[in-house]
Amino acid sequence: MKTLSLAFNSAWHVLTVGVVLGAGIPALFAFGIRGLAASSGQMTDDSTPRAWGKPVAAVCFLLVCAAIALGLTIIVSSGFGMKVSFEHIYPTLVEKK
(Lines give C-alpha, C1' and ligand atoms only; values in the text may rest on other atoms or scores of the structure.)
Protein backbone atom coordinates (compact mmCIF):
# COMPACT_ATOMS: atom_id res chain seq x y z
CA MET A 1 0.00 0.00 0.00
CA LYS A 2 2.93 2.33 0.66
CA THR A 3 4.15 1.81 -2.90
CA LEU A 4 0.82 2.96 -4.30
CA SER A 5 0.93 6.05 -2.08
CA LEU A 6 4.45 6.89 -3.28
CA ALA A 7 3.38 6.42 -6.92
CA PHE A 8 0.44 8.82 -6.52
CA ASN A 9 2.66 11.32 -4.72
CA SER A 10 5.21 11.20 -7.54
CA ALA A 11 2.48 11.47 -10.18
CA TRP A 12 1.15 14.57 -8.43
CA HIS A 13 4.60 16.21 -8.59
CA VAL A 14 4.99 15.38 -12.29
CA LEU A 15 1.52 16.74 -13.02
CA THR A 16 2.25 19.99 -11.19
CA VAL A 17 5.54 20.57 -13.03
CA GLY A 18 3.89 19.69 -16.32
CA VAL A 19 1.12 22.22 -15.82
CA VAL A 20 3.51 24.97 -14.70
CA LEU A 21 6.01 24.47 -17.51
CA GLY A 22 3.63 23.18 -20.16
CA ALA A 23 0.96 25.83 -19.78
CA GLY A 24 2.51 28.43 -17.49
CA ILE A 25 5.41 29.52 -19.68
CA PRO A 26 3.28 29.94 -22.85
CA ALA A 27 0.63 31.77 -20.79
CA LEU A 28 3.30 34.13 -19.47
CA PHE A 29 4.48 34.75 -23.03
CA ALA A 30 0.88 35.47 -24.11
CA PHE A 31 0.50 37.94 -21.24
CA GLY A 32 3.66 39.70 -22.46
CA ILE A 33 2.20 39.95 -25.97
CA ARG A 34 -0.98 41.39 -24.45
CA GLY A 35 1.15 43.96 -22.61
CA LEU A 36 2.75 45.01 -25.88
CA ALA A 37 -0.68 45.36 -27.46
CA ALA A 38 -1.83 47.50 -24.54
CA SER A 39 1.23 49.73 -24.80
CA SER A 40 0.47 50.47 -28.45
CA GLY A 41 -3.20 51.21 -27.79
CA GLN A 42 -4.62 48.22 -29.66
CA MET A 43 -6.66 46.93 -26.73
CA THR A 44 -8.89 49.94 -26.13
CA ASP A 45 -11.76 51.44 -28.09
CA ASP A 46 -10.23 54.92 -28.18
CA SER A 47 -6.71 53.66 -29.11
CA THR A 48 -5.02 55.23 -26.10
CA PRO A 49 -1.79 53.50 -25.14
CA ARG A 50 -1.45 52.12 -21.63
CA ALA A 51 1.69 52.95 -19.69
CA TRP A 52 1.85 49.59 -17.91
CA GLY A 53 2.14 47.59 -21.13
CA LYS A 54 5.86 47.74 -21.91
CA PRO A 55 7.15 47.12 -18.37
CA VAL A 56 4.79 44.16 -17.93
CA ALA A 57 5.84 42.77 -21.32
CA ALA A 58 9.53 43.17 -20.45
CA VAL A 59 9.14 41.30 -17.16
CA CYS A 60 7.14 38.51 -18.83
CA PHE A 61 9.66 38.08 -21.64
CA LEU A 62 12.56 38.16 -19.17
CA LEU A 63 10.98 35.36 -17.11
CA VAL A 64 10.30 33.28 -20.23
CA CYS A 65 13.90 33.73 -21.42
CA ALA A 66 15.21 32.80 -17.96
CA ALA A 67 13.10 29.61 -17.95
CA ILE A 68 14.38 28.66 -21.40
CA ALA A 69 18.00 29.35 -20.42
CA LEU A 70 17.64 27.30 -17.25
CA GLY A 71 16.12 24.39 -19.17
CA LEU A 72 18.92 24.46 -21.73
CA THR A 73 21.51 24.65 -18.95
CA ILE A 74 20.07 21.55 -17.29
CA ILE A 75 20.10 19.62 -20.57
CA VAL A 76 23.61 20.68 -21.63
CA SER A 77 25.16 20.24 -18.18
CA SER A 78 24.13 16.59 -18.07
CA GLY A 79 26.10 16.05 -21.29
CA PHE A 80 29.23 17.40 -19.61
CA GLY A 81 28.84 15.17 -16.54
CA MET A 82 27.54 17.95 -14.33
CA LYS A 83 24.22 18.82 -12.76
CA VAL A 84 22.47 22.02 -11.78
CA SER A 85 22.28 22.56 -8.03
CA PHE A 86 19.78 24.85 -6.35
CA GLU A 87 21.48 24.89 -2.93
CA HIS A 88 22.11 28.63 -3.16
CA ILE A 89 19.81 31.43 -4.26
CA TYR A 90 20.89 31.03 -7.87
CA PRO A 91 21.50 27.77 -9.76
CA THR A 92 25.10 26.54 -9.96
CA LEU A 93 26.79 23.73 -11.87
CA VAL A 94 28.34 20.96 -9.76
CA GLU A 95 30.01 17.66 -10.58
CA LYS A 96 27.82 14.56 -10.63
CA LYS A 97 28.72 12.08 -7.92
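Residues numbered from 1 in each chain as written. Predicted model: local features only at pLDDT ≥ 70, side-chain atom pairs only at ≥ 80, totals over all residues. Heavy atoms only, no water.

**Considerations on the pairing of strand β2 (residues 92-95)**
1) Next: As paired strands, strand β1 (residues 82-85) and β2 are joined by four bridges and run antiparallel to one another. Following the sheet pairing, Lys 83 is matched in β2 by Val 94.
2) Next: Taking the residues between adjacent antiparallel strands as the criterion, β1 and β2 are bridged by six residues. (Pairing = 2+ DSSP bridges. Helix = DSSP H or I, 4+ residues; strand = E, 2+ residues; numbered from the N terminus.)

**Things to note about the packing of helix α1 (residues 2-39) against helix α2 (residues 53-79)**
1) Next: Contact pair α1 / α2: the axes reach a minimum separation of 7 Å and the direction vectors enclose 155°. Of the possible angle classes, the one that applies to α1 and α2 is roughly antiparallel. As for the relative orientation of α1 and α2, their crossing is left-handed in sense. Here Ile 25, Leu 28, Phe 29, Phe 31, Gly 32, Ile 33, Gly 35, Leu 36 and Ser 39 of α1 lie close against α2, whose contacting residues are Gly 53, Lys 54, Val 56, Ala 57, Cys 60, Phe 61, Leu 63, Val 64 and Ala 67. (Axes fitted to C-alpha atoms, helices over the stretch in contact; angles between N-to-C directions. Parallel < 35°, antiparallel > 145°, perpendicular 65-115°, else oblique. Left-handed = near helix turned anticlockwise from the far one by under 90°. Contact = heavy atoms within 4.5 Å.)

**Remarks on α2**
1) Next: The terminal C-alpha atoms of α2 lie 40 Å apart, and with 27 residues this matches the ideal 39 Å at 1.5 Å per residue to within 8%.
2) Next: Taken residue by residue, α2 has Gly 53, Ala 57, Cys 60, Val 64 and Ser 77 as its buried positions.
3) Next: Taken together, the buried residues of α2 touch α1, β1 and β2.
4) Next: At the exit of α2 stands Gly 81, carrying a positive phi of roughly 75°. (Expected span 1.5 Å × (residues − 1). Buried < 20%, exposed > 50% of the residue type's maximum accessible area, 1.4 Å probe, protein only.)

**Points about a nonpolar patch on the surface**
1) Next: Residues Ile 68, Leu 72, Ile 75, Val 76 and Phe 80 make up a contiguous nonpolar surface patch of about 550 Å² in total accessible area.
2) Next: Within the fold, Val 76 resides in helix α2. (Patch = residues over 30% accessible without salt bridge, like charges linked within 9 Å, V, L, I, M, F, W, Y side chains within 5 Å. Areas by Shrake-Rupley, 256 points an atom, 1.4 Å probe, with all protein chains shown as cover. Salt bridge = Lys/Arg side-chain N within 4 Å of Asp/Glu carboxyl O.)

**Focus on the side chain of Ser 85**
1) Next: With respect to the secondary-structure elements, Ser 85 resides in strand β1.
2) Next: By relative accessible area, which is 8% here, Ser 85 ends up buried.
3) Next: Only 3.4 Å separates the side chain of Ser 85 from the backbone nitrogen of Glu 87, close enough to count as a polar contact.
4) Next: Once you skip the residues sitting within four places of it in the chain, Ser 85 turns out to touch Tyr 90, Pro 91, Thr 92 and Val 94. (Polar contact = N/O pair within 3.5 Å; in protein donor to acceptor, adjacent residues only side chain to side chain.)

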